[in-house]
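The chain contents come next:
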Amino acid sequence: MINKLIGIAFLCLLISCKQEKLPSAPLVADYFKYGEDVESAGVKMIPITTPVGEFKVWTKRFGNNPRIKILLLHGGPAMTHEYMECFETFFGRQGFEFYEYDQLGSYYSDQPKDSSLWTTARFVEEVEQVRKAIGADSTNFYVLGNSWGGILGMEYTLKYQSQMKGLLVANMMASAPEYGKYAEDVLSKQMDPAVLSEIKAIESKGDFANPRYMELLIPNFYQKHICRLEEWPDGLNRALKHANGEIYTLMQGPSEFGISGRLATWDIKNRLGEITIPTLMIGAKHDTMDPKAMEEQSKLVQKGRYLYCPNGSHLAMWDDQKVFMEGVVQFVKDVDAGKVLKIIDQ
């Protein structure tokens, strides 16, 4: 009997010791501890060097996690971080460290007027300078780009993947000509013929400042393929209000209905096989980007996964949020854990 009691006591002591060794959950105070002399809610203007001078770009840090640092790349070009504020809730819950960021020329960053700055190659070097400034590296650095941010993310990866742990491309095909062809051959044919005819007439005249152009595109294209929510999120409305139209038109063209700016011939589809880091490609049923092309891209990279949003559009982060965010979070967790990637087809 005494031996049994001693055995039970020893077992309890052993369990107690093991429990004491388990790591405790991170405190909110530690998650938001940035080591700054003057607290600025994570906001920092990062200096960058360009061929025409030095400027500053706006960033905002959330969290403290040495294992996972995610840089969000907004679309446009020259939109703002504001429409990506939805990540604050989902990434914050997971304890991820992540950064909102306005690229050079966007509303919260410096806005130089030299048009030679607005090239993909120059933006790639900007992202690399931001990476260094936030102290990210191959052990923890993830890039998540939406739309134009996906172009920038793929281009950055092709040059600097040795500094990355994972890439997430949300709603961006790897070929601008194929994107334009999808808009022309598939999406335009879903429009009312009379509406399409009037849009084409305005475009043929180059009369893009005509208010009627957006009056037609917003209900007949944007609300069907950009964001399908009945009421657009405040962050999206602010981003549209703050967009730099000059840079956007120069690089993208006058609207999201196809592409005609400097990016019109951009195509790195045949280089996707060079991407060796874990990559998530995200497509959506109602997107301006062909979801089948997004799935194909996930198979062209060496370690790809595909996430399909059946109710989403170009901003599936908003209009198919549950599927989008769950897939994104799971991908980051799996890469962090070193798990073999598998296709996610919701």
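See above for the structure.
Computed from a predicted model, the values in this text were never measured in an experiment.

Attention shifts here to unusual backbone geometry. In the segment running from Gly76 into Pro77, the intervening peptide bond is cis, with an omega of 0°. Within the fold, Pro77 resides in the loop between β3 (69-73) and α3 (87-94). For Ala41, which is not glycine, the phi torsion reads 60° and is therefore positive. Along the polypeptide, Ala41 turns up in the loop between α2 (28-31) and β1 (43-50). With a phi close to 75°, Ala78 is a non-glycine residue in the positive phi region. Counting through the fold element by element, Ala78 comes out in the loop between β3 and α3. Looking at Ala78, the relative accessible area reads 5%, which means it is buried.

With that settled, consider the layout of surface pockets. Quantified by volume, the largest pocket comes out at close to 440 Å³. As for the largest pocket, its lining consists of 21 residues, and the residues nearest its centre are Met79, Tyr222, Leu240, Tyr248 and Glu256. Among the elements of the structure, α8 (211-225), α9 (234-242) and α10 (245-251) are those that each provide at least two residues to the lining of the largest pocket. Class assignment for the residues of the lining of the largest pocket results in 13 nonpolar, seven polar and one charged.

On to the pattern of salt bridges. Inspection of the entire model under this criterion finds 21 salt bridges. Residue Arg212 pairs with Glu198 through a salt bridge whose shortest N-O separation is 2.8 Å. With Arg212 in helix α8 and Glu198 in helix α7 (residues 193-205), this pair connects stretches of sequence that are 14 residues apart. With a relative accessible area of 33%, Arg212 lands in the partly exposed category. Close ionic contact of Glu215 with Arg212 constitutes a salt bridge, the shortest N to O distance being 3.6 Å. In this pair, Glu215 and Arg212 both sit in helix α8, three residues apart, roughly one turn of the helix. Given the relative accessible area of 47%, Glu215 is considered partly exposed.

Before going further, it helps to spend a moment on the nonpolar core. With 54 residues, the main nonpolar core has Ile70, Phe87, Phe91, Leu144, Met317 and Phe324 as its most contacted residues. Sort the elements by how many residues they give to this core and helix α13 (residues 321-337) lands first, with eight residues. Each residue touching Ile70, except ones within four places of it in the same chain, is listed here: Phe91, Phe96, Glu97, Phe98, Tyr99, Tyr142, Leu144 and Val332. Counting residues in each nonpolar core, the second largest holds 51 residues, with Ile48, Trp148, Ile151 and Ile275 among its members.

Here the focus is the environment of Gly95. Here Gly95 lies in the loop between α3 and β4 (97-102). A relative accessible area of 22% means that Gly95 is categorised as partly exposed. Between the C-alpha atom of Gly95 and that of Tyr31, which follows or precedes it by 64 residues, the distance is 7.3 Å. Here Gly95 is in contact with Tyr31 and Asn65, once residues within four sequence places are set aside.

Right, let's talk about the packing of aromatic side chains for a bit. Throughout the structure, instances matching the rule amount to 16 aromatic pairs. Ring geometry for Phe141 versus Tyr156: centroids 6.2 Å apart, planes at 90°, classification edge-to-face. Linking Phe141 in strand β5 (residues 141-146) with Tyr156 in helix α5 (residues 148-160), this pair joins segments that are 15 residues apart in sequence. Every member of this aromatic cluster is reached through a ring pair, and the members are Phe62, Phe87, Phe91, Phe96, Phe98 and Phe324. Above the face of the Phe90 ring, Arg93 is positioned so that its terminal group lies 5.2 Å from the ring centre. Over the ring of Phe123 we find Arg122, and its NZ or CZ is 4.5 Å from the ring centre.

The subject of this paragraph is the environment of Met164. Tracing the backbone through its elements, the reader meets Met164 in the loop between α5 and β6 (166-170). Residue Met164 is classed as buried on the basis of its relative accessible area, which comes to 4%. As for Met164 and Thr139, which are separated by 25 residues in sequence, their C-alpha atoms are 7.1 Å apart. In this view, Met164 contacts Ser138, Phe141, Val143, Tyr156, Thr157 and Ile277; residues no more than four positions away in its chain are not counted.

Further remarks concern the pairing of β5. Regular strands place their side chains on alternate faces of the sheet. The buried fraction of β5 is high, at six of six residues. Residues Phe141, Val143 and Gly145 point to one face of β5 and Tyr142, Leu144 and Asn146 to the other, with burial holding for every one of them. Relative to β5, β3 is paired through five bridges, and the arrangement is parallel. Residue Leu71 lies in a different strand from β5, and its bridge partner there is Val143. Relative to β6, β5 runs parallel, the two sharing five bridges. For Tyr142, the partnering residue across the bridge sits in β6 and is Gly166. As a crossover connection, the stretch from β5 through α5 into β6 is right-handed.

Scoring rules and cut-offs
- Residues numbered from 1 in each chain as written.
- Predicted model: local features only at pLDDT ≥ 70, side-chain atom pairs only at ≥ 80, totals over all residues.
- Heavy atoms only, no water.
- Helix = DSSP H or I, 4+ residues; strand = E, 2+ residues; numbered from the N terminus.
- Buried < 20%, exposed > 50% of the residue type's maximum accessible area, 1.4 Å probe, protein only.
- 1 Å grid on protein atoms, 1.4 Å probe; cavity = no way out; pocket = protein on both sides within 12 Å on 5 of 7 lines; lining within 4 Å.
- Points joined across faces, edges and corners; volume = space filled by probe spheres on them.
- Nonpolar A, V, L, I, M, F, W, Y, C, P; charged D, E, K, R; others polar.
- Salt bridge = Lys/Arg side-chain N within 4 Å of Asp/Glu carboxyl O.
- Core = buried A, V, L, I, M, F, W, Y, C linked by side-chain atoms within 4.5 Å.
- Contact = heavy atoms within 4.5 Å.
- Phe/Tyr/Trp six-rings, centres within 6.5 Å; stacked < 30°, edge-to-face > 60°.
- Lys NZ or Arg CZ within 6 Å of the ring centre and 35° of its normal.
- Pairing = 2+ DSSP bridges.
- Right-handed = clockwise from strand over helix to strand, strands pointing away.

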